[in-house]
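So the chains spell out like this:
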Amino acid sequence: QVQLVESGGGLVQPGGSLRLSCVASGMYVSAATMGWYRQGPGKERELVATISSGSSTNYADSVKGRFTISRDNAKNTVYLQMNSLKPEDTAVYYCRLNSPFNTRTRWWGQGTQVTVSS
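Owing to the predicted nature of the structure, the values given are computational and were not obtained by experimental measurement. (Residues numbered from 1 in each chain as written. Predicted model: local features only at pLDDT ≥ 70, side-chain atom pairs only at ≥ 80, totals over all residues. Heavy atoms only, no water.)

Visitor: I keep staring at the environment of Glu6 and nothing clicks. Help me out?
Guide: If you trace the backbone, Glu6 turns up in strand 1 (residues 3–7). Residue classification places Glu6 among the buried positions, given a relative accessible area of 10%. Each C-alpha atom, one on Glu6 and one on Cys22, is 4.4 Å from the other, the two residues being 16 residues apart in sequence. When residues no more than four places from it in sequence are discounted, the contact partners of Glu6 are Ser21, Cys22, Trp36, Tyr93, Tyr94, Cys95, Gly109, Gln110, Gly111 and Thr112. Within the local environment of Glu6, its side chain forms a polar contact with the backbone nitrogen of Cys95, the two atoms lying 2.8 Å apart. Polar side-chain contacts of Glu6 include one of 2.9 Å to the backbone nitrogen of Gly111. (Helix = DSSP H or I, 4+ residues; strand = E, 2+ residues; numbered from the N terminus. Buried < 20%, exposed > 50% of the residue type's maximum accessible area, 1.4 Å probe, protein only. Contact = heavy atoms within 4.5 Å. Polar contact = N/O pair within 3.5 Å; in protein donor to acceptor, adjacent residues only side chain to side chain.)

Visitor: Looking at this structure, how should I read the pairing of strand 3 (residues 18–25)?
Guide: Put simply, side chains in a regular strand alternate between the two faces of the sheet. When strand 1 meets strand 3, the two strands line up antiparallel, connected through five bridges. Opposite Leu4, over in strand 3, you have Ala24 as the bridge partner. Across six bridges, strand 3 lies against strand 8 (residues 77–82) in antiparallel orientation. From the neighbouring strand, Arg19 faces strand 8, where its bridge partner is Gln81. (Pairing = 2+ DSSP bridges.)

Visitor: When you look at the nonpolar core in this model, what are you seeing that I'm missing?
Guide: In this structure, Met34, Trp36, Val48, Phe67, Leu80, Met82 and Tyr93 are the most contacted members of the largest nonpolar core, which totals 29 residues. For this core, the elements supplying multiple residues, two or more each, are strand 3, strand 4 (33–39), strand 5 (46–51), strand 7 (67–72), strand 8, strand 9 (91–98) and strand 11 (112–116). (Core = buried A, V, L, I, M, F, W, Y, C linked by side-chain atoms within 4.5 Å.)

Visitor: Would you take a moment to explain the packing of aromatic side chains for this structure?
Guide: The description of an aromatic ring pair uses the distance of the two centres, along with the angle that the planes make with each other. Inspection of the entire model under this criterion finds one aromatic pair. The ring of Tyr79 carries Arg19 above its face, with NZ or CZ at 4.2 Å from the centroid. If you follow Arg45 out to its NZ or CZ, it ends over the ring of Tyr94, 3.8 Å from the centre. (Phe/Tyr/Trp six-rings, centres within 6.5 Å; stacked < 30°, edge-to-face > 60°. Lys NZ or Arg CZ within 6 Å of the ring centre and 35° of its normal.)

Visitor: I tried to follow unusual backbone geometry on my own but got confused; where do I start?
Guide: Backbone phi values are negative for most residues with the exception of glycine, while trans is the configuration of most peptide bonds. You will see that Ser55, though not glycine, has its phi angle at about 70 degrees, which is positive. Tracing the backbone shows Ser55 in the loop between strand 5 and strand 6 (57–59). The residue Ser84 is not glycine, and still its phi comes out positive at about 50 degrees. With respect to the helices and strands, the residue Ser84 is situated in the loop between strand 8 and strand 9.

Here it is in structure tokens:
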């Protein structure tokens, strides 16, 4: 059973920083393509960042230069470092794991709330 547990969300002022964590069990994150997605109020879920098994990364244009996705294989954890946060970043952030055996098989965490407000 693959489980993903996100943490690190909270309330932060514009310009502040947060680091989200996604701890995986049942699958090595080093072998998988991992992603962070977010869904704001009344919005569709959208891609934020991905990191491949080869550590190739990509980012949504809206977060490029501000967010960094990384992994710690020893901890089986994927991170999303978020700097220079904007109110538009307010959303529930979800961790996703794509199976290395079948890329159409995906697991999602339950999400962590990030609120950027003065």
